[in-house]
Each structure stands twice: as structure tokens, then as C-alpha cells.
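What follows is each chain in one-letter form.
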Amino acid sequence: MEVFQQLLIGFSHALTPQYLLLAAIGVTIGTAVGVLPGIGPALTVALLLPLTYNFDPTGALIMFAGIYYGGMYGGSTTSILLNTPGESASVATTLEGFAMATSGRAGAALATAAIGSFVAGTLSTLLLTFTAPWLARAALLFQPADYFALTVLAFVSVTALVGSSLLRGMISLFIGLFFGLIGIDVLSGQVRYTFGVVELLDGIDVVVVAVGLFAVGEALFVASQFRQRREEVLAVRSRIGMNREEWRRSWPAWLRGALIGFPLGALPAGGAEIPTFLSYTLEKRLSKHPDEWGRGAIEGVAGPEAANNAAFSGVLVPLLTLGLPTSATAAILLAAFQIYNLQPGPLLFQKAPDLVWTLIASLYVGNVMLLILNLPLIRIWIKILTIPRSLLYSGILVFGTLGVYSMSNSFIDVLLMYGIGVIGFFMRRFRIPIGPAILGLILMPLAEAHFRRALAISQGDLSVFVTRPIALSLLLATLVAIILPYLPVLINRLTGKRTPAGRLVFGQGEED
Amino acid sequence: MAPASPGGGWDSTARAMQTALAATTNQTVQVYNVSGAGGTIGLAQFVNEAKGKPHELMVGGLVMVGAIQTNKAPVNLSQVTPLALLTAEAEAIVVPADSKYQTMQELIEDFKANPTAISWGGGSAGGTDHILVGLIAKAVGVSPAQINYIAYSGGGEATAAILSGAVTAGVSGVSEFAEQVAAGTMRMLAVSSEQPIEGVNAPTLKEAGIDVALMNWRAVFGAPDLTAEQRAAVIAALEKMHASKEWQDALAKNGWTDYFRAGDEFSAFLNNEITRIEAVLRDLGLIQ
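Residues numbered from 1 in each chain as written. Chains lettered and ligands numbered in written order. Predicted model: local features only at pLDDT ≥ 70, side-chain atom pairs only at ≥ 80, totals over all residues. Heavy atoms only, no water.

Q: Outline the overall build of chain B, listing residues and values.
A: Scanning chain B from terminus to terminus reveals ten helices and eight strands. With respect to the principal axes defined by its C-alpha atoms, chain B has extents near 55 × 40 × 30 Å. Within chain B, the fraction of its 288 residues that count as buried is 57%. Sequence separation of at least 24 residues holds for 76% of the intrachain contacts in chain B that already meet a minimum separation of 6. (Helix = DSSP H or I, 4+ residues; strand = E, 2+ residues; numbered from the N terminus. Buried < 20%, exposed > 50% of the residue type's maximum accessible area, 1.4 Å probe, protein only. Contact = heavy atoms within 4.5 Å.)

Spelled out as C-alpha cells, the structure:
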């Protein structure tokens, strides 16, 4: 089969010392930032982007992918030991994971998280291997109207489903949208919102916005409440590992988590957050030990941790085949591709097959590395949590400033980054999620361009969005995404039951 | 200076020159990038900082001519010293393999009958691809303002759009479409060079009865206010570079067409292009 041949060629590249080293660096950095609360893979990849201009694209992307799923592994450690999610995809893990740790079963919780991540990561990479080439061929049929419908689905589901408040999600999305509109409009060549500053003609780089919002904003926020934070890291006294009973209970949860994580990651619905909560809810409902929930049920760690790793491979599917990022980290990965003059999309598999398959092969390799990093070496990562915050964030600020300046030797970029950082601080302060802003920055201009292209091609006929089957079904899915959170309330109202008003919420308003 | 980010055409031209000049002059040559806005940010910096320095060179091309005008840049190419044309690539006009158009003439017939019904997919508005469609429209008597041009951010995106059948025809550099044409998924109707291109099975626009030729050229410019002696010396160095094995290797490796024209010949060519491009951009409604 062609896929196997391609994958074997991919492995022959991925197993060369240079790429092995880059994958190892990537997963190590990824685990570290996953462990550290407040610093996620999106920020890390944004910080490293300017430094990798001189790498070859395959090597850089292998490293970035390693950071992304390394973050998924590392996040669980913090969730379990600190009761603070290392990043948003680990929010669900905190619920049972911390409870297990307080009852002296931290070792088992860490083990099921790491092994589950490995099982689900490998399984979902297999799914990616077989679905991506198929979807890349199907994606060749996508016309502007279809792409527009897809972007609408993506940003509606991200803002409607993630976070505690629809309004906050929308605010964040529109902040991103505004930054996205600055610069020369691709379609008409006209200049928008540059206020006569020539440096703004090409728009604001996604790296500047990401480093500003994530790094500067977070640093200001941490500084603003420095005195109030004292966190205790639970010591791990028990052996890292599971007994027979724990293995037996983890297996089905891992598999279910992987099966939930991969397709939901692949849908334009915002990455890993929703699948982890779905998995948590599902495990709770299926559990034969309902009395244990809240006091440390192992399925509550195994399922979500498997789901968030599987979601990462899922996120890669639309990114590689349609050029559509579905999470903040994926948006930055897209920027990384574009720096190397590579356009993710239906033609990527034809134009750069070596890169794609080496990247996919490196995911298998990276998963093995992460299993080693996160089981025998777990105690080293716990040490990272003892680094004083002040040192950590000043380091990040220096690194971010240097990185943004070196990108195009532009002082204006640095000023912009700090200005955007102040906005980021206020967003953090008022609990406005940052993820939608990054997606808005990338997705909204895409949506606008495709909308106008579709109308130009149809010569102004709006029916183009409902006469093409692909576009129509995507828009219907969008409608479902809007209604879904209110469904329980609606059903109750129709059946005459009284319930407290509210909407179904996935996630806690944190973001990756 | 390469007035674009690393990895693009101007950058790779500058880096090939770096190797070739270092070999022919036995001196260290440095490349630095100032990216943005079709090269006009780099141009502005070059005009201000390189004045009178014969050792400063800047790569540029057709895209910069257009960008200066559409971006209303505060500087223009008359402020720098044109030295030599280096390379050029022809544009190609393609349709998807299942399109009803077999020849350029058929496409143009329909274009003349109902201009807005034909959608052209290509690179960004005001770029080389857009300019070519404008020139074609003018040559066949269609008002360029009626062109239904669908701009994409790059050749790769445009290629996907053409394959999906979203646009009637596609316009981009010959090399951008070469793979798809070879694979039989696209049909090349015409190329924009003066002479037919070896190994490309498509007539020139002129052979197809449209009196248009356009090359996407790249050139090298010197600093403002060079003396006649300085200019002559730099041109001599560039001629030596052009003859070097390193430069010829770079041409072959990158698939660039040699288009070397130095000194006054280039200056005349440049003035011609500026006038012609400005006129078509005005017709397209991109500059007032």
C-alpha cells in the first residue's frame, strides 16, 4: 500500500540522528512547558519561531510538533500534583487526579496519565496516517464557499463551546479579528487600519500577537498578584506505576478517550478541551464505581489524558490537509509552515511528501520518547515546579523581546508586542480567554477572503453558500454548534420541567 | 539587501549573488533582509541609509514596481541606481484538465463576450499575475475594470483553487504550475514570454494572437547618488559575476532564466516597465 511505503520513507528520515535530536529537544521542552502552569505550547512555539529561521523546515516542524504533544503529557503532572492544570487540556485531569494524589495514589495517577497518553497518542497517529491522505484528496474539491462555511463552523464552535461565557469568547475573537484586519487586503490591494505606519502594511505578525498576549500578558498578571500566590507541590512518595486492578480499569478508558479525542480534535471545534471533558463525563457515567468519583477514580485521569493526546493528532488533520487551524497552537504552527513558504492544504501532500511523512513518522518516535521522559524521569519534572515564578517570567520576557526583535529587526514590532501585552493583561484580569483571539487573528481574515472570493466567483449571488453540498452541510453543523449548549435547557422547557437557566459548558475558560 | 523575508525569490537571488560575488571579488559579501510591503520598506531604508555607498546593493523586481505605486510608497526606483537585470520567469495561463477551454483563443472569445463570467485566480491584487490579466484585457479590448480577478495569497493557494474548479482560469509563474501540468490535472493554454519556452508545451500569448509579453524579472540596484565611475565599476563587477561558474550553477540549480542586461539597457527597460505597469494598475483601479 502506498501509505505504508510513504510512512517507511518518513521513518527513514525521522530516524536520522539530526531529526531524532530535534524531536528529543521538542518533547523535552514541551514536557517542561506543559508542567509549568501558565506557559503553554502555543506560547513556546511562538517564542521559538524566530529562532528557527535557519533550520530546515522538516526539522523545525518536528520540534514544534514535539513541543505541542509534549505539552499534553506534561500538563497532567501539574494537574495531579498541584491541583492547577499545566495547560487547558488538562483541566479535566485535575478533578480526579488531585484527589488521587491527596489520597497517596499520585504514582498510579501519573502512570495512567503517561501510559494512557502513549497509547492514545500512538493510536491516533495511526488514524492520522490513514485519514489525512484521504482527506487531502477530498479537500481538493473545496471551493471558497466551502472554506468560508468551514471557518464559520470553526470560530462559532470555538467561542460558543469553550469558556464560561459566550460574551467573553466573542470579545476575544473580535480583538483577534481587529488585529487580523490590519494591513494590505489581499483581494483588493487596499490598505486598512495602518494609520500611515508603513511597518503595518504587511499586517501584525501572529508571533507578535501571541507573545504579547500569552507571555507579556501572563507575566504582568503573575506580577500583579505575586504576593497572593503560594502553592504546595504534593510529594510523590509512592512508586510510579499501577497495580493489576488499576491497569484493568485504565485500559477501556484510554481506548474510549482516544476514540473521542481524535475525531473531536479533527473537527474545527477548538482542539483538546472539549474532548477531555466529554471523556471525563463519559467515564463517570459508565463507571462501575460511582462512589469513588470525587475521591480519586482512576478512569477520570486515564480517559481525559488519553483524549487530549489523541486530539493533538486530530488537530493535525485539518491543519495539514485544509490549512485550517483549530486551536491556538495550530494557528501558530500554520504560521511556522508559512515562514518556510509552505502552504498547508490539499497540495501539501503532493508538494512536500517527505516533510509530511517525516513529520508523521516523528510523532510515533516522539510518543516513545515521551513515555520514557514521563515515567522513569518524572521526578525531574516535578522539580521544575519549584523554580521561582519571578525568575521564570523575567526569563520569558527577555526571551520574547529578543525573539520578536530578531524576527525582522523591527523596533515597532517590540513596541506592538508590549502594547498587545497590556491588552493581554486586562484580558487575563477579566477572565477573557486568549485562545479565540489567536484563532480570530488567523481565521477571520481567512473567512473574509473566502467569503469575498466566493461572491466574486458567483458574481454576487449569495445562494452559492447553500447550493454547494459541502458548504450547506458545514453551515448546518454550525447551527448545531450554536444550539447545542442550550439544548438541555430547551428540552427541559419543552417537557415542562423547571431548571436553573444556563448553558452546557465545556471547559473552564482557560485556554492553551 | 534582500527586501523580503528569508526563503523567497529575492532572498535566494541575493544569496546566489553572495556566493558568486565572493568568488569573483575575493571579498566577504553579506546579505541582510528587510522584509515587508512588496519590498518598499526595504527600498525606503536603502534610499535613506545607503546613499553614495557603492558597496551596497539591493535586489528587486517587477513586484516592487507595482508595490511602490499601489502602496503609495514615499520612495521610488528613480532614487536608486539601476545596475543590471538578472533573471526572469514567464507567466502561464492554465485551466483545470476538465475545463471546456482547449485553447487560449476559446477562453478569450468568452472573455470578450462576457468579461465578468470568466474568473481569474492568481496571486495578490496588483501583483504580477493581476498585471498580466490587465494587460491581456487591454490587448483584446476589454476594460480592465471589468476583470473578475480572484486574488490568493500565493501560488500554492491559487493552484488549489484552480484544481477545485472554483475559478475559470489560473495565472502564475510557469514553474508554479509545472508539476500539475505534468501530472495532467491542469492544461497550460499560454505562456507570457516573447519566445516559446523549451520543454513547455504551450504557445506564447503573441502566437495565440494576443499582443502581450510580460516577464517577472529580478534585478539588482545600487545606492542613490553613485558617481559615474562608481556605477561603471559596480556594473563591471556584476558582469564578471554573471560570467562566473558559481552564478551559472545557481541559475541551473534554481531553474532561473538568464535575463542579464546591464547599465543603460536596463535603465531603459526599467523606465518602460514603470510606465507600462503604472498604466495598467490605473486601469485596474488599484491606483488613482
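Q: I'd love a proper account of the interface of chain B and chain A, names of residues and values included.
A: Counting residues at the interface gives 31 residues for chain B, matched by 27 residues for chain A. At the boundary of chain B with chain A, total buried surface from both sides reaches about 2300 Å², with 54% on carbon and sulfur atoms. The tally of links between chain B and chain A comes to zero salt bridges. For the pair chain B and chain A, the number of links is five residue pairs in polar contact (both at pLDDT 80 or more). If you list the elements that add at least two residues to the side of chain B that touches chain A, you get strand 4 (148-151), helix 6 (155-163) and helix 7 (174-182) of chain B. With five residues, helix 6 of chain B is the largest single contributor of residues to the side of chain B that touches chain A. Split by residue class, the side of chain B that touches chain A holds 13 nonpolar, 15 polar and three charged. (Buried area = accessible area lost by both parts, 1.4 Å probe. Salt bridge = Lys/Arg side-chain N within 4 Å of Asp/Glu carboxyl O. Polar contact = N/O pair within 3.5 Å; in protein donor to acceptor, adjacent residues only side chain to side chain. Nonpolar A, V, L, I, M, F, W, Y, C, P; charged D, E, K, R; others polar.)

Q: Describe the packing of helix 9 (residues 206-224) of chain A against helix 17 (residues 389-408) of chain A, listing the residues and the values that go with them.
A: When two helices pack together, their arrangement is given by the angle between their axes and by how far apart the axes lie. Residue and element names in this part refer to chain A. Direction vectors running N to C along helix 9 and helix 17 enclose 160°, while the axes themselves pass 10 Å from each other. Between helix 9 and helix 17, the interaxial angle falls into the category roughly antiparallel. Our pair here, helix 9 against helix 17, has a crossing hand that is left-handed. Contact residues: helix 9 offers Val207, Val208, Val211, Ala215, Val216, Glu218, Ala219 and Val222, while helix 17 offers Arg389, Tyr393, Ile396, Leu397, Gly400, Val404 and Met407. (Axes fitted to C-alpha atoms, helices over the stretch in contact; angles between N-to-C directions. Parallel < 35°, antiparallel > 145°, perpendicular 65-115°, else oblique. Left-handed = near helix turned anticlockwise from the far one by under 90°.)

Q: Give me the domain arrangement of chain B: which residues, what numbers.
A: Residues and elements named next belong to chain B. On domain assignment, one finds that chain B holds domain 1 (9-88 + 216-283) and domain 2 (90-191). Taking only C-alpha atoms, the centre of domain 1 and the centre of domain 2 are 28 Å apart. Facing the ten residues of domain 1 at the interface are ten residues of domain 2. The tally of links from domain 1 across to domain 2 stands at zero salt bridges. On inspection of domain 1 and its partner domain 2, the count reaches zero residue pairs in polar contact (both at pLDDT 80 or more). Sorting elements by how many residues they give to the side of domain 1 that touches domain 2 places helix 10 (residues 264-283) first, with six residues. Looking at the side of domain 1 that touches domain 2 residue by residue, the class counts come to seven nonpolar, one polar and two charged. (Domains from an automatic or database assignment.)

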